[in-house]
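The residues making up each chain are set out below.
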Amino acid sequence: MAASSCARVLPPLECRSDPDFSGAPRPEKFSAKLRAAENRGACGGAGLSSLIFRFPPNFVRQLSTKARRNCSNIRVAQVMAASWSNNPTSDGFPPEAAAVDAAASLSPVEVETGDEKEVAVENGCCNGIGVQIDGLSDEKPYSFLSSDGSVAVHAGERLGRGIVADAVATPVVNTSAYFFKTTAELIDSKEKRHASFEYGRYGNPTTVVAEEKISALEGAESTLLMASGMCASTVLLLALVPAGGHIVTTTDCYRMIRIFIETILLKMGIKATVIDPADIGALESALDKNNVTLFYTESPTNPFLRCVDIKLVSKLCHDKGTLVCIDGTFATPLNQKALALGADIVLHSATKFMGGHNDVLAGCISGSEKLITTVRNLHHILGGALNPNAAYLIIRGMKTLHLRVQQQNSTALRMAKILEAHPKVKRVYYPGLPSHPEHHIAKRQMTGFGGVVSFEVDGDLLTTAKFVDSLKIPYIAPSFGGCESIVDQPAIMSYWDLSQSERAKYGIMDNLVRFSFGVEDFEDVKTDILQALEAI
């Protein structure tokens with residue numbers, strides 16, 4: 001096929017049923033014979049100018065129909081043909097010409113498939129793991145995308161997925177182990193010359209796609225997905241805080257984390273200073289008096305949606321050599337970029353907004369390669385690996401994350417204003433309201449205020465329960481962030497084992513309601529809430 005008037009030779013891509021990088025002879029049924037490339041680079045030696053190879057559309061159609069039946073790594077061709085580069089190469093050749101030159105520099109292989117002879121490129125993949133071509137730029141393949149919504153859809157998948165397949169949807173790789181073709185390949189893997197997960201607890205290609213998608217949204221070097229948000233939180237604390245160490249956390253936080261800090265970490269001699277989320281003076285005092293390893297908090301917090309000045313606390317902590325971890329579950333990476341604000345690690349319960357469909361458990365941490373590797377090493381020992389089917393649900397959920405969050409942000413803000421003005425509501429907790437104690441902080445570091453609103457009904461425990469029971473749309477359930485609206489009364493849902501006075505120590509009043517808005521129509525949700533308030 002002539003790609004230009006300069007007689008450049010374009011060897012098509014390699015077609016084989018089992019990519020072999022060991023150097024062993026190929027099965028005879030393919031009768032593959034190496035031969036030298038012909039007419040290579042006849043019009044000059046332009047190099048790769050971008051991550052993407054571009055081929056004429058007809059090439060893609062021909063390759064798909066002729067080779068799809070027996071090529072497990074056809075995704076290489078799809079990636080190479082996926083997009084034109086928008087910028088010319090440095091030597092003046094158009095990007096498609098440079099791509100043809102680069103493709104021509106790979107050694108072709110003649111393959112007999114039984115139908116007709118085809119020419120293929122040898123060594124087109126990296127160690128059999130990915131679909132990238134050796135020597136490509138380190139630039140992220142999605143760097144040209146300007147919107148978080150587009151990144152959420154395509155990052156980790158289009159133009160860079162490490163799973164050899166031409167399916168649009170990322171395949172689910174259900175395996176507990178990964179095999180080696182020879183002992184030599186196993187030794188290469190041990191000595192870092194060959195890439196392999198080796199065992200399912202150490203990684204999975206489907207999970208990697210989800211991790212790369214989250215890293216792209218957070219602007220992180222690395223992300224680690226685990227089996228739940230609590231798994232991510234506890235493994236992080238165990239990995240980063242030494243025995244006998246000291247951490248600082250906040251009064252308002254997820255109860256299970258508070259229990260872990262007050263019981264399990266205490267047994268390891270790890271002490272904790274608990275401060276109000278907005279009390280900067282208390283943080284400075286704790287940093288001055290103690291050798292603090294980690295400042296761990298949520299922003300916004302659960303359930304009162306308090307906000308921490310991430311930029312300020314990060315500076316104060318870093319001046320003392322203290323790491324900062326922000327649980328951004330209520331914010332999502334779309335509303336808040338904790339790493340860009342100065343945090344070292346951002347944590348999410350991916351069960352919530354990221355998954356977004358109330359059908360999967362997962363947790364993740366994102367940050368520098370060094371810190372995440374430290375946590376990953378302990379994670380490999382403790383287990384808690386995410387099932388690849390769950391990873392697929394996270395990938396699928398994140399494709400609509402921006403659409404859902406936009407709707408949830410809008411509904412929550414509008415309803416918060418209505419609730420604040422309602423005579424049967426005593427108080428509303430939502431960072432988007434000027435009455436919120438950290439509204440000025442939220443405006444500065446968030447682009448949206450989230451889909452969860454907490455408020456206190458004008459009544460006691462039973463009156464509040466009657467309001468909850470009168471609602472028709474939301475489910476009475478724990479969790480939040482899904483397509484379906486969810487409501488709960490924390491005094492009953494999360495703190496029922498404590499007495500009323502003990503609950504009050506944490507600010508949990510009997511009339512507190514936490515409402516997670518789904519993606520239902522605003523008018524329907526408003527009508528439902530107002531009729532439930534009228535019922536009390």
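Residues numbered from 1 in each chain as written. Predicted model: local features only at pLDDT ≥ 70, side-chain atom pairs only at ≥ 80, totals over all residues. Heavy atoms only, no water.

As recorded in an unreviewed UniProt entry, the protein goes by plant cystathionine gamma-synthase and comes from Actinidia chinensis var. chinensis. Listed under Sequence similarities (unreviewed entry) in UniProt, the entry text for the protein is "Belongs to the trans-sulfuration enzymes family." (UniProt positions renumbered as here; feature names shortened; annotations may be inferred.)

On to the environment of Phe-517, then. Tracing the backbone shows Phe-517 in the loop between β15 (512-516) and α20 (522-534). By relative accessible area, which is 0% here, Phe-517 ends up buried. A C-alpha to C-alpha distance of 6.7 Å links Phe-517 and Ile-486, two positions 31 residues apart in sequence. The residues contacting Phe-517, other than those within four sequence positions of it, are Gln-408, Thr-411, Ala-412, Met-415, Gly-451, Val-453, Gly-482, Ser-485, Val-525 and Ile-529. (Helix = DSSP H or I, 4+ residues; strand = E, 2+ residues; numbered from the N terminus. Buried < 20%, exposed > 50% of the residue type's maximum accessible area, 1.4 Å probe, protein only. Contact = heavy atoms within 4.5 Å.)

It is worth spelling out the pattern of salt bridges at this point. Scanning the model with the defined rule gives 16 salt bridges in all. A salt bridge links Glu-157 to Lys-399, with the nearest nitrogen and oxygen atoms 2.5 Å apart. Placement of the pair is Glu-157 in the loop between α4 (148-154) and α5 (183-190) and Lys-399 in the loop between α14 (388-398) and α15 (401-420), with a sequence separation of 242 residues. Glu-157 sits in the buried class, given a relative accessible area of 3%. (Salt bridge = Lys/Arg side-chain N within 4 Å of Asp/Glu carboxyl O.)

What follows concerns the sheet that holds strand β5 (residues 246-250). Reading across the sheet, the seven strands line up as β4-β10-β9-β8-β7-β5-β6 and stay open at both edges, with mixed pairing between neighbours. Of all strands in the sheet, those with a lone pairing partner are β4 (222-226) and β6 (271-275), marking the two edges. Taking each pair of neighbouring strands and ignoring which way they run, the sheet shows an average axis angle of 20°. Pairing analysis gives five bridges linking β5 to β6, with the strands arranged parallel. When the bridges of β6 are listed, Thr-250 appears paired with Ile-275. Along the sheet, helix α11 (residues 310-319) contacts β7 (294-298) and β8 (323-327); its crossing angle with β8, the most-contacted strand, is approximately 155°. (Pairing = 2+ DSSP bridges. Axes fitted to C-alpha atoms, helices over the stretch in contact; angles between N-to-C directions.)

Turning our attention to the sheet that holds strand β14 (residues 486-488). Note on sheets: strands pair through backbone hydrogen bonds, and any given pair is parallel or antiparallel. Spatially, the five strands line up as an open sheet ordered β11-β12-β15-β14-β13, and their pairing is mixed. Each of the sheet's edge strands pairs with one partner strand only, and the pair in question is β11 (425-429) and β13 (475-476). As paired elements, β11 and strand β12 (residues 452-457) share four bridges and run antiparallel to each other. Bridge assignment links Val-425 to a residue of β12, and that residue is Val-457. Those strands touched by α15 are β11 and β12, and its axis lies near 15° from that of β12.

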